[in-house]
Amino acid sequence: MSKKNPEYDFKWCPGCGDFGVRRALEFAMIDRLEETGLPIENNVVVAGIGCSGNLVHLLEGSQPYGFHGIHGRSLPISMGVKMGRPDLNVVVVAGDGDFLSIGGEHIAPQAARNLNICAVVMDNGVYGLTKGQSSPTTKLGVVTSSTPFGKMENEADPLELYLTLGVSFIASGFSGNPRQLAGLIKEGMNHQGFSMVHVQSPCVTYNDTYELLKGKPKEGIEPLVWDIPEDHEPNDKAAAYNLIQKRGLPIGVIYKDESRPSLDQRIEDIWSKAKEQTAQQLIDAYEF
Ligand SMILES: Cc1ncc(C[n+]2csc(CCOP(=O)(O)OP(=O)(O)O)c2C)c(N)n1
Ligand code: SF4
Ligand SMILES: [Mg+2]
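Residues numbered from 1 in each chain as written. Chains lettered and ligands numbered in written order. Predicted model: local features only at pLDDT ≥ 70, side-chain atom pairs only at ≥ 80, totals over all residues. Heavy atoms only, no water.

Draft legend 1. Geometry of the overall build of the chain. When helices and strands are tallied, the chain shows eleven helices and eight strands. In summary, the chain has a C-alpha radius of gyration of 20 Å against a globular reference of 19 Å for 288 residues, a match within 12%. Projected onto its principal axes, the C-alpha positions of the chain cover 75 × 50 × 45 Å. The buried share of the chain, taken over its 288 residues, is 49%. In the chain, the proportion of contacts linking residues at least 24 apart, taken out of those at least 6 apart, comes to 68%. Total accessible area on the chain is roughly 14,600 Å²; 55% of this is exposed by carbon and sulfur atoms. Taken together, the 26 basic and 36 acidic charged side chains of the chain have centroids lying 3 Å from each other. (Helix = DSSP H or I, 4+ residues; strand = E, 2+ residues; numbered from the N terminus. Rg over C-alpha atoms; globule rule 2.2 N^0.38 Å. Buried < 20%, exposed > 50% of the residue type's maximum accessible area, 1.4 Å probe, protein only. Contact = heavy atoms within 4.5 Å. Areas by Shrake-Rupley, 256 points an atom, 1.4 Å probe, with all protein chains shown as cover. Lys, Arg positive; Asp, Glu negative; His and termini not counted. Charge placed at Lys NZ, Arg CZ, Asp CG, Glu CD.)

Draft legend 2. Broad picture of the coordination of the magnesium ion (ligand 3). Protein-derived ligands of the magnesium ion (ligand 3) are Asp96 (OD), Asn124 (OD1) and Val126 (O), with the metal-ligand distances lying across 2.1 to 2.2 Å. Between the donor residues of the magnesium ion (ligand 3), the gaps in sequence give the motif D-x27-N-x1-V. In this pair, Asp96 sits in helix 4 (residues 96-102) while Asn124 sits in the loop between strand 4 (118-123) and helix 6 (158-165), placing the two residues 28 residues apart along the sequence. On the accessibility criterion, Asp96 (2% relative accessible area) is buried. For Asn124, a relative accessible area of 13% puts it in the buried group. (Donors = N, O, S within 2.8 Å, 3.2 Å for Na, K, Ca; no water.)

Draft legend 3. Highlighting the packing of helix 1 (residues 18-36) against helix 7 (residues 178-190). The N-to-C vectors of helix 1 and helix 7 enclose an angle of 55 degrees; their axes lie 8 Å apart at closest approach. With respect to helix 7, the axis of helix 1 lies oblique. Handedness of the crossing formed by helix 1 with helix 7: right-handed. For the pair formed by helix 1 and helix 7, the contact residues are Gly20, Val21, Arg23, Ala24, Leu25, Phe27, Ala28, Met29, Asp31, Arg32 and Glu35 on the first element and Pro178, Arg179, Leu181, Ala182, Ile185, Lys186 and Met189 on the second. In terms of residue class, the contact of helix 1 with helix 7 is built from eleven nonpolar, one polar and six charged. (Axes fitted to C-alpha atoms, helices over the stretch in contact; angles between N-to-C directions. Parallel < 35°, antiparallel > 145°, perpendicular 65-115°, else oblique. Left-handed = near helix turned anticlockwise from the far one by under 90°. Nonpolar A, V, L, I, M, F, W, Y, C, P; charged D, E, K, R; others polar.)

Structure follows, in structure tokens:
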């Protein structure tokens, strides 16, 4: 669809962090359009299920193509789109539950393939759409509707996970700064390979973390988010590991490996080596 669906009337709660992510994605796509001269229809947004995935229906202005798939399967769907049309800019939008819980098993294979897409994950530490159950990034001991005596599992560290699995571009963003986030998404889109932009996007209804993330300088409460210093070398994996071990949440590009070919480049290479054969030649190649 490259037109807004007038019958889809989903609304985010006022103040939801996902508004900032939507703005950032709009900025990034408009910037890309101006830089490349390619039409907005050159972009495809593949969405997971959750408040976050509804972003695909809520974009303002000229509409990219959109694909609202099934829960947890945004990566396999995006692979299908990219394999059919490698010329398109494919962006995944998903939540922490969708991407890291039910969809978690898809991250490693796409990292190994270096699938050339950009995934924007809106992390609010909760299942927002289904009314506040715990997610992989909910902190240990937190009481939610599904953990009435406190969460029993340790929280996942998504940035460390992406780094360990070999994702070739990893950025960390905050929905409270859409312009800065747009820059990270655009860099992720331009990267030739699998790009992760992991965004702190608070759920004001079930897990309002704004104050923690922004801090309260007047009361001496330090913000959790901090900008990655300019001298950080994103192509140094050890430096990237060191960065994410520090207190709080670094914002910016954490890791970038431009030395690996992307999956579509590898496929193109294989095609150039493969010889065209007729169906009969293929059948004859088997010895019965
Ligand atoms: C196969 C399947 N299992 C469960 C659900 C119910 N469900 C819908 S969204 C969701 C979790 C959403 O959490 P998250 O991805 O963090 O998105 P958010 O709403 O927080 O943005 C669940 C469990 C579903 N739609 N399909
Ligand atoms: S429930 Fe939470 S994540 Fe969902 S729209 Fe409301 S604030 Fe946003
Ligand atoms: Mg969530």
